[in-house]
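Inside the fold
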Amino acid sequence: MKKSLKNIGISMMSAAFILQAASMSASAAHESRLSSPIYEKDIVNIAHRGASGYAPEHTIPAYQLGERMKGDYIEIDLQLTKDGRLIAMHDERVDRTTDGTGLVKDLTLTQIKKLDAGSWFNETYPQMAKQKYEGLAVPTLEEVFKKFGKQANYYIETKSPEVYPGMEEELLKVLKDYKMVDSKGRTKNVLIQSFSRESLLKVHDLNPQLPLVQLFSYKNQASITDEELESIKQYAIGIGPNFNKVDKQYVKMVRNHDLQFHPYTVNERADMKKALEWGATGVFTNYPNLFNEVLREHEHTHRLN
């Protein structure tokens, strides 16, 4: 009987230890999430490719304008050059946003640096054209960090990671080199997003401290299950779908699972209001100044109510 009681006591102690360890782990994860600037504000303003409604996307002037317009984050899409350098560009090809042609993966950084990344904007949007946009260079991620430093917040996407083996490792290396993460791998000004679950899981495996957001692109009306949301919650702090395919119920489900909701790309005033009313915790927009106006109106209305 004494032996039996002893075994029960040991089992209870083991169970208590396991529960305590689980609690500590959950607490650490919670603290890690709280270190993200996402949680410093109720609603965040993400300058989509910079203030890309007013300046050539993914150029230093677009990022500067996004900051001046009080965007909370500089959003950066990443591609990887033939010689393994991370550059800020949305497409896998350079054709749309430069005067060059070809795949990024087939071009060296030196070749890409010779391209004009601004004149296309002046031609496409003459009402926004500025002479200073002519001849702009494609920036590397390192150049963006050098320019804006640790005082800025960065919302970085691993774009087409299946095309670029080693992209995640290079990204984490650059984050470390520019001290965007501390000695424990934590960050206060970087958030990583991707449409690729595999890429996010790889980042999470390399550094579980980094806050991640799972992107979605819906062709039809968006739907998601509780099981999917719980699965996402194991590695990410939020999701980012295309806003034109979601509804109020979708947003409610996401928020009920304590996940952030950052839809893209919300450029119309009416859609911005709708996103806020539905419970979005941030939006990607080409017009961060307009979103700030709508956000102020929204907050004023809710204070009166």
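It should be noted that the structure appears before, not after, this text.
As a starting point, this report considers the structure included with it. These figures come from a predicted structure and were not determined experimentally.

Examining the overall build of the protein chain
Within the protein chain, the regular secondary structure consists of eleven helices and nine strands. Looking at the protein chain as a whole, 50% of its 305 residues qualify as buried. Within the protein chain, residue pairs in contact and separated by at least 24 positions form 59% of the contacts whose partners lie at least 6 positions apart.

A closer look at the nonpolar core
Counting 65 residues, the largest nonpolar core has I76, Y154, I156 and L175 as its most contacted members. Ranked by residue count, the leading element in this core is helix α6 (residues 167–177), at five residues. If we skip the residues at most four places from it in the chain, Y154 touches Y73, I74, I76, V144, F145, F148, G149, M180, N189, V190 and L191. Judged by nonpolar contacts, the second largest core, of eleven residues, contains I38, L191, I237 and Y264.

Remarks on the packing of α6 against helix α7 (residues 197–206)
For the pair α6 and α7, the least separation of the axes is 10 Å and the interaxial angle reads 45°. As judged from the angle between their axes, α6 and α7 are oblique. In the packing of α6 onto α7, the handedness of the crossing is right-handed. On α7, the residues that touch E168, E169 and L172 of α6 are S199, K202, V203 and L206.

So, the side chain of N207
Locating N207 in the fold gives a position in the loop between α7 and β6 (212–216). Judged by relative accessible area, which is 10%, N207 ranks as buried. A distance of 2.8 Å separates a polar atom in the side chain of N207 from the backbone oxygen of G185. Those residues in contact with N207 that lie beyond four places of it in its chain are L172, V181 and G185.

Some words on unusual backbone geometry
Notably, K70 is not glycine yet its phi reads approximately 65°, a positive angle. Relative to the assigned elements, K70 resides in the loop between α2 (60–68) and β2 (73–80). Since its relative accessible area comes to 61%, K70 is described here as exposed. Positioned with a positive phi, S160 is a non-glycine residue whose angle comes to about 50°. For S160, a relative accessible area of 16% corresponds to the buried category.

Details of the packing of aromatic side chains
Under the counting rule described, the total for this entry stands at 15 aromatic pairs. Ring centres 5.2 Å apart and planes at 90° place the aromatic pair Y54 and Y287 in the edge-to-face group. Pair noted here: Y54 is in the loop between β1 (44–47) and α2 and Y287 is in the loop between β9 (282–285) and α11 (288–304), with a separation of 233 residues, a long-range link. Overall, Y54 belongs to the buried group, its relative accessible area being 19%. By relative accessible area, Y287 is classed as partly exposed at 25%. Both rings, one in F145 and one in Y178, keep their centres 6.0 Å apart while their planes meet at 55°; by these two values the pair is tilted.

A closer look at helix α10 (residues 269–278)
By the burial criterion, the buried members of α10 are M272, A275 and L276. For α10, the buried positions fall inside an angular range of 95° around the axis, keeping them on one side. Among the structural elements, β9 and α11 are those in contact with the buried residues of α10. Note on α10: the residue one or two positions beyond its end, G279, has a positive phi of about 110°.

Structural notes on the pattern of salt bridges
Counted under the stated rule, the structure contains 15 salt bridges. One salt bridge connects D77 with R49, and the closest N-O pair in it is separated by 3.9 Å. With D77 in strand β2 and R49 in the loop between β1 and α2, the pair connects residues that are 28 residues apart, well separated along the chain. A relative accessible area of 1% places D77 in the buried class. When salt bridges with common partners are traced through the structure, they connect R49, E57, D77, D91 and R96 into a single cluster.

Here is what the cut-offs are and how they apply
Residues numbered from 1 in each chain as written. Predicted model: local features only at pLDDT ≥ 70, side-chain atom pairs only at ≥ 80, totals over all residues. Heavy atoms only, no water. Helix = DSSP H or I, 4+ residues; strand = E, 2+ residues; numbered from the N terminus. Buried < 20%, exposed > 50% of the residue type's maximum accessible area, 1.4 Å probe, protein only. Contact = heavy atoms within 4.5 Å. Core = buried A, V, L, I, M, F, W, Y, C linked by side-chain atoms within 4.5 Å. Axes fitted to C-alpha atoms, helices over the stretch in contact; angles between N-to-C directions. Parallel < 35°, antiparallel > 145°, perpendicular 65-115°, else oblique. Left-handed = near helix turned anticlockwise from the far one by under 90°. Polar contact = N/O pair within 3.5 Å; in protein donor to acceptor, adjacent residues only side chain to side chain. Phe/Tyr/Trp six-rings, centres within 6.5 Å; stacked < 30°, edge-to-face > 60°. Arc of directions from axis to C-beta. Salt bridge = Lys/Arg side-chain N within 4 Å of Asp/Glu carboxyl O.

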